[in-house]
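# Survey of secondary and tertiary structure
Here is how the chains run, residue by residue.
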Amino acid sequence: MDSIKTYEKIETLKKEKSAIVLAHNYVSLEVQRAADIVGDSFQLAKAAKEVAAELIIFCGVRFMAETAKLLNPGVKVILASSKAGCPMADMVKVEDLQAFKAKNPKHIVVCYVNSSVEVKAYSDVCVTSSNAVQIVQKLPFDSPILFIPDQNLGFYVSQKVGRPIELWQGFCPIHHRGISPSDVRNAKEKYPSYQIIVHPECTPQVVEHADFVGSTKQLIDYASEHDQLVIGTELNMIKMLQAKYPAKKILPLSEKAICTDMGLTTLDDVLVALETEAEETVVSAEVSEKALQAINRMLEMSL
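Residues numbered from 1 in each chain as written. Predicted model: local features only at pLDDT ≥ 70, side-chain atom pairs only at ≥ 80, totals over all residues. Heavy atoms only, no water.

### Observations concerning the pairing of strand 7 (residues 145–148)
With burial as the criterion, each face of strand 7 is covered, one bearing Ile145 and Phe147 and the other bearing Leu146 and Ile148. Pairing analysis gives four bridges linking strand 5 (residues 108–112) to strand 7, with the strands arranged parallel. Residue pairing in the sheet places Val110 in a bridge with Phe147 of strand 7. After leaving strand 7, the chain enters helix 8 (residues 151–161) and then returns to the sheet as strand 8 (residues 166–167), a path that is right-handed. (Buried < 20%, exposed > 50% of the residue type's maximum accessible area, 1.4 Å probe, protein only. Helix = DSSP H or I, 4+ residues; strand = E, 2+ residues; numbered from the N terminus. Pairing = 2+ DSSP bridges. Right-handed = clockwise from strand over helix to strand, strands pointing away.)

Below is the structure:
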């Protein structure tokens, strides 16, 4: 089936089934074009809570579909590619977090949304890269903090708020390993008139030499106002910006920054998910109740 017919079938099924397609900025442009809403984790979490639909097809990774289900339990949520996980989320296990909490009962557990629903259930508040600094600033200053699972975002937040934070040793392989300090040095030498902007999941050695650091949405907003950029984040988002702003000079900081999990979702996956509604995202009531508390605190503290 050619892509035009696939898009047409997707649109027909969305209307027939009162369905909505949510897509992360890191999935392919082909998939993004089939979506009703494209955004970062925080934008999609808010959208999932607010949408009036009977079915959500989520084009992203597993923790995002779980978050959508938590926020809108009455809606059926299908992850378009059931194999799409998150290596960072896998770097924190429930039993390890439980052991830490048993030894450190006074710590506030700040959980990056890039984590499993079971881990969220043992956390005090969730954050995204767009609101982490804002939320941590509101936490009691005399309470110790554990930030899970991303050590790089946690370190960035610690520097911005000016307080010590204990860091879990997890990371996003795409930002942590796919983008290096040498990439920054090379870009500054090759493109001296360009601004270098990066995601805070990058290592501190990359972040400290960037001209601007921001979440996925913040990077997109920055690109709307500047014409010469080298961007350190996942390649599909950069391709999206290049397509949106063909007159601008927008380059990737690294060609290695490719998320294979985000890349698993194809246009055909979206169609099949709408047709079959197979492998629904399900969260147990007990886990859902606990995890939702951490998610709702995030939404409340982001106001």
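### Topic: the packing of helix 3 (residues 41–50) against helix 15 (residues 285–301)
Where helix 3 meets helix 15, the axes come as close as 12 Å, and the angle between the chain directions of the two elements is 105 degrees. Regarding the angle of helix 3 to helix 15, the classification is roughly perpendicular. Counting all contacts with helix 3, which are made through Phe42, Lys46 and Lys49, the residues of helix 15 involved are Asn296, Met298 and Leu299. Residues belonging to the contact of helix 3 with helix 15 are distributed by class as follows: three nonpolar, one polar and two charged. (Axes fitted to C-alpha atoms, helices over the stretch in contact; angles between N-to-C directions. Parallel < 35°, antiparallel > 145°, perpendicular 65-115°, else oblique. Contact = heavy atoms within 4.5 Å. Nonpolar A, V, L, I, M, F, W, Y, C, P; charged D, E, K, R; others polar.)

### Considerations on unusual backbone geometry
Most peptide bonds take the trans configuration, and most residues that are not glycine carry a negative phi. Note the cis peptide between Ile148 and Pro149, where omega equals -20 degrees. Here Pro149 is to be found in the loop between strand 7 and helix 8. The backbone of Ser18 sits at a positive phi, close to 50 degrees, despite the residue not being glycine. Positionally, Ser18 belongs in the loop between helix 1 (3–17) and strand 1 (19–24). One non-glycine residue, Glu279, lies in the positive phi region at around 55 degrees. A relative accessible area of 59% places Glu279 in the exposed class.

### Considering the sheet that holds strand 12 (residues 249–252)
Ordered in space as 10-9-11-12, the four strands form an open sheet in which the pairing is parallel. Strand pairing shows two members of the sheet lacking a second neighbour, strand 10 (212–213) and strand 12, which therefore form its edges. Relative to strand 11 (residues 228–232), strand 9 (residues 195–198) runs parallel, the two being bridged by four bridges. Bridge pairing links Ile197 to Ile231 in strand 11. Along the sheet face, helix 13 (residues 235–244) touches strand 11 and strand 12 and points at about 170 degrees away from the line of strand 12.

### Comments concerning the packing of aromatic side chains
The final tally for this structure, using the stated rule, is two aromatic pairs. Ring geometry for Tyr191 against Tyr194: centres 5.1 Å apart, planes inclined by 50 degrees, an arrangement best described as tilted. Note on Phe212 and Tyr222: the rings are 4.3 Å apart at their centroids and 20 degrees apart in plane angle, and the pair reads as stacked. Here Tyr222 lies in helix 12 (residues 216–225) and Phe212 lies in strand 10, a separation of ten residues in the sequence. Judged by its relative accessible area of 24%, Phe212 is partly exposed. We classify Tyr222 as buried; its relative accessible area is 13%. Sitting above the plane of the Phe141 ring, Arg163 keeps its charged end 4.8 Å from the centroid. Taking the ring centre of Tyr245 as reference, the NZ or CZ of Lys248 above it sits at 5.0 Å. (Phe/Tyr/Trp six-rings, centres within 6.5 Å; stacked < 30°, edge-to-face > 60°. Lys NZ or Arg CZ within 6 Å of the ring centre and 35° of its normal.)

### Brief notes about the pattern of salt bridges
The final tally for this structure, using the stated rule, is nine salt bridges. For Lys217, the salt bridge identified is with Asp221, shortest N-O distance 2.7 Å. Taken as a pair, Lys217 and Asp221 lie in helix 12 at a separation of four residues, close to a single helical turn. The class for Lys217 is partly exposed, based on a relative accessible area of 33%. If you follow the salt bridges from partner to partner, you end up with Glu11, Lys14 and Asp36 in one network. (Salt bridge = Lys/Arg side-chain N within 4 Å of Asp/Glu carboxyl O.)

### Let's talk about the pairing of strand 1
For a regular strand, side chains alternate in direction, first toward one face of the sheet and then toward the other. Of all six residues in strand 1, six are buried; the element is thus mostly enclosed. Residue alternation in strand 1 divides its side chains into two sets, Ala19, Val21 and Ala23 and Ile20, Leu22 and His24, and both sets are buried. Bridging between strand 1 and strand 3 (residues 55–59) involves five bridges; their strand directions are parallel. Bridging across to strand 3, Leu22 finds its partner in Phe58. One ladder, built from three bridges, connects strand 1 with strand 2 (residues 37–39); its direction is parallel. The residue of strand 2 that forms the bridge with His24 is Gly39.

### A word on the state of the cysteines
Tallied over the entire structure, the rule returns zero disulfides. Between Cys59, a cysteine without a disulfide, and Cys259, which holds the nearest cysteine sulfur, the sulfur-to-sulfur distance is 14 Å. Residue Cys59 is classed as buried on the basis of its relative accessible area of 0%. Cys86 takes part in no disulfide bond, and the closest cysteine sulfur to it belongs to Cys172, at a distance of 6.8 Å. (Disulfide = S-S within 2.5 Å.)

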